[in-house]
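Take a look at the letters that make up each chain.
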Amino acid sequence: MALSGGRNVAVVGATGAVGEVLLRLLEERQFPVAELRPLASQRSAGSTLAFAGEPVEVQQARPEAFEGMDFVFFAATGGLSRELAPEVARRGAIAIDKSSTWRLDEQVPLVVPEVNGEALEKHRGIVASPNCTTIGFVMALEPLRRAVGIRSVVVTTLQAVSGAGHPGLEELSRQLEAVARGEEPQARTFAAPIAGNAVPLCERFLEDGYSSEEMKLLHETRKIMGLPRLDVSMTCIRVPVPVGHGATMLVETERPLSPAQAREACARFPGVRVVDEPGRDLFPTPRDAAGQDDVLVGRIRKDLGSDRLWLWQVSDNLRKGAATNAIQIAEAMIERGLR
Ligand SMILES: NC(=O)c1ccc[n+]([C@@H]2O[C@H](COP(=O)([O-])OP(=O)(O)OC[C@H]3O[C@@H](n4cnc5c(N)ncnc54)[C@H](OP(=O)(O)O)[C@@H]3O)[C@@H](O)[C@H]2O)c1
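Residues numbered from 1 in each chain as written. Predicted model: local features only at pLDDT ≥ 70, side-chain atom pairs only at ≥ 80, totals over all residues. Heavy atoms only, no water.

Help me get a handle on the sheet that holds strand S8 (residues 126-128), residues and values and all.
One open sheet accounts for six strands, arranged S5-S2-S1-S6-S7-S8; its pairing is parallel. Strands at the two margins of the open sheet, each flanked by one partner only, are strand S5 (59-60) and S8. Strands strand S1 (7-12), strand S6 (71-74), strand S7 (94-97) and S8 of the sheet are contacted by helix H9 (residues 319-335), whose axis makes an angle of about 160° with S6. (Pairing = 2+ DSSP bridges. Helix = DSSP H or I, 4+ residues; strand = E, 2+ residues; numbered from the N terminus. Contact = heavy atoms within 4.5 Å. Axes fitted to C-alpha atoms, helices over the stretch in contact; angles between N-to-C directions.)

This is the structure:
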């Protein structure tokens, strides 16, 4: 898609796992960048990054750095988004935030463009991009909702270590090396060793036994889909996969939908690709999703004891789960004449 007119773009957290992918995708999608300003903490200020074949110096993220910008992507910490996103809005620019800070704020649209792009019309300078797990989840649910309505979902996620950024990726590499040396893997970033393991806790526990990640999945899904009473039962699990979040989903629909009709509805939906041919052992895996923007859906089948449908869905948590969705928000705002 060719968008005309240059826009000034800043990326807060440009040196992080999501920030790096965001810079690459701005180039890949030919986002109309007039000026790029990579921002990070004092630790990285003064270092250089390559953008569009040129070296660009990383600056410290401070309010003054937002002067003259059109879009400021936040891919750093929640605290920084809370402090600095209002500074962006105050300067008349648009903050697109990847942290959880603003997602449930009633004044802030929480957007997956294919699902609820119209919510952008009500923005007041800050737009939130959902959690990486939520994005793949709603992308797989929305085609079914549009076809026949949905009533409830039971979901178990299998989440990649890069969901915890560079520290998560480094933890898996370090532990795999330790295991290869015959040593016990030591956990730092995750609550238990992740090499050769599966950890049924993403982020931290809340008082009721659910994790903060699980509650994000519930509340963000309800807000994006505009279904405040949607029944979601969820368990989030961290697995030793570098990139690509998966989720197995048992969906109760309002009206009956056959697996063939579900496949057709998903295949028609922009940004979703069906990979589902049991006869040829064809199903999507996190490795297939890594490096792709599409959400891949497969293993669509009827539940044996009810009319519900099973689906398996995978997506690249750093691309559609983070950077791609954030850039699509900016693209949609340009297309809607909001910038
Ligand atoms: N990873 C995912 O799959 C994913 C998906 C969706 C959303 N997110 C969200 O995206 C954000 C970034 O995650 P990540 O995975 O990319 O983390 P990361 O790899 O740890 O990168 C963190 C980035 O934030 C910068 N930063 C940290 N403290 C800062 C400060 N005080 N001032 C300015 N910059 C600061 C770091 O800069 P330095 O180089 O200077 O330290 C680095 O560029 C988080 O809010 C996360 O929740 C991540």
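Resuming the write-up.
Quick rundown of the nonpolar core? Include the residues and the values.
Of all hydrophobic cores here, the largest spans 55 residues; its most connected members are Phe74, Met249 and Leu311. Of the residues forming this core, the biggest block, eight residues, is contributed by helix H4 (residues 132-148). The residues contacting Met249, other than those within four sequence positions of it, are Phe137, Ala140, Leu141, Val153, Val154, Val155, Leu309, Trp310, Leu311 and Gln313. Core analysis: the next-biggest nonpolar cluster, separate from the first, contains 33 residues, Leu22, Ile94, Ile96 and Ala323 among them. (Core = buried A, V, L, I, M, F, W, Y, C linked by side-chain atoms within 4.5 Å. Buried < 20%, exposed > 50% of the residue type's maximum accessible area, 1.4 Å probe, protein only.)

Lay out the sheet that holds strand S12 (residues 272-274) in plain terms, naming residues and giving numbers.
Taking strand neighbours across the sheet as the criterion, the six strands line up as S10-S9-S11-S14-S13-S12 in an open arrangement whose pairing is mixed. Of all strands in the sheet, those with a lone pairing partner are strand S10 (231-238) and S12, marking the two edges. Adjacent strand axes in the sheet meet at a mean angle of 20°, parallel and antiparallel pairs treated alike. As paired strands, S12 and strand S13 (residues 295-302) are joined by three bridges and run parallel to one another. When the bridges of S13 are listed, Arg273 appears paired with Leu296. The sheet strands contacting helix H6 (residues 212-225) are strand S9 (150-159) and S10, and the helix crosses S10 at an angle near 135°.

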